[in-house]
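Residue-level listing of the chains:
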Amino acid sequence: MSRLRIVFLGSDAIALPLLGWLAGEGTAVAEVVAVFTQPDRAVGRGQKVTANAIKGWAQERGLPIYQPEKITPDVRAQLAALQPDLALVMAYGHILRDDFINTPRLGTLNLHTSRLPKYRGASPIESAVANGETETAVTLMRIVRELDAGPVADAERVAIGPRDTAADVEFRLAAACVPLLARALPRLAAATLAFAPQDAGAATYCRKLEKTDGTLDFAAPATVLAARSNGLFPWPACTFELSGQAIKVGLADAPESSAELPGVRVDQAPAGTVLGADGEGVLVATGRGVLRLLRLQRPGGRMLGAPEFLRGFPLPAGTLLASRPMAPLVGAAPWRR
């Protein structure tokens, strides 16, 4: 059986583990013959034009690199000239036309970081964590015109713990692509990989995140606030204002009962009231239960564990933190701008 000729389309470092596998053990079944990625962009405070991690990976291996601003007929012709068996997409950043999708002999497959049909859209990792899920997945699917609605071949599940941030889950999902492809590509090459339609009635949709999403309404339950804080870290990150400064939350949890917090009275404290601190974090009254802020960062400072943070920036018991409305991240239909 000849190896699959794969053209990879992606622009984010989350794909590096799967590319590493394709360049190593995966060479028994496939070879990456070219990479399509986003054009170099200005990044950081200095706005220095920088290549993304996927381009860097391809450059190290001397692979052809294509960086179109748009997918035009000329770009489709470039893909066709590579004579690929398969186009494999992960976090590319371009909408693909049907003629482009159908150009490779075996079509175009996408690795989507959710348990489809849940969390179709632009922020599946952040939204799953922020929505309090205990499990997610990376799913291998065919690309179709409708958003993340193509038939599914396989998925690799990943657990989400109560103290996992989006960054933690993204790291594990990146690694989960390897066993998923190790199962799927040999079956694809042998024409035994089956695809099943998604249950459209169970679909949910997440949107592109904005800086303004990092708000906390302390009238919400503590479990909701902890999940949102962890799901939106590292970006856009949830914040609360204190003495005119925006304090960033890097990690939070919601102790299961006040029995874990001796001496703390929450039954009459207004939502947003700082109740004090235990050995791990700052305790804040909410609409239901206690929110524990475990990692905090002041403007211009480093992200610190709460005990260290408090040594330089006290949060006295009785301080009232202002609530701000929290915009929904997930809906039952695709988001419209």
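So, how was this worked out
Within each chain, residue numbers correspond to sequence positions counted from 1 in written order. Only residues with pLDDT of 70 or above have their local features reported here, since the model is predicted, and side-chain atom pairs are shown and tallied only from 80 upward, although totals for entire chains, interfaces and linings are computed over all residues. For the side-chain quantities, the full set of heavy atoms in the structure was used; hydrogens and water were omitted. For every residue, the accessible area obtained with a 1.4 Å probe (protein chains only) is divided by the maximum for its type, and the residue is called buried under 20%, exposed over 50%, and partly exposed between those limits. In DSSP terms, a helix is any run of H or I states spanning at least four residues, a strand is any run of E spanning at least two, and both are numbered starting from the N terminus. Note on pairing: DSSP must find at least two bridges between two strands before they are called paired.

Colleague: Please explain the pairing of strand 15 (residues 282-285) as it appears in this structure.
Modeller: Looking down a regular strand, the side chains alternate between one sheet face and the other. What you see with strand 15 is no split at all: Val282 and Val284 on one side and Leu283 and Ala285 on the other are buried throughout. Note: strand 14 (residues 274-277) against strand 15, three bridges, orientation antiparallel. Bridging across to strand 15, Gly276 finds its partner in Leu283. For strand 15 and strand 16 (residues 290-297), the ladder comprises four bridges, and the chain directions are antiparallel. Residue pairing across strands places Leu283 opposite Arg292, the latter belonging to strand 16. Linking strand 15 to strand 16, which pair antiparallel, is a turn of four residues; within it Gly289 sits at a positive phi near 90 degrees.

Colleague: Would you mind going over the sheet that holds strand 8 (residues 120-121) with me for this structure?
Modeller: In any sheet, the strands associate via hydrogen bonds between backbone groups, in a parallel or an antiparallel arrangement. Within the open sheet, the three strands sit side by side as 8-11-18. Their pairing is mixed. Sheet topology places strand 8 and strand 18 (330-331) at the edges, where each strand pairs with a single neighbour. Bridge analysis of strand 8 against strand 11 (residues 205-206) gives two bridges, and the strand direction is parallel. Paired with Gly121 across the two strands is Cys206, which belongs to strand 11.

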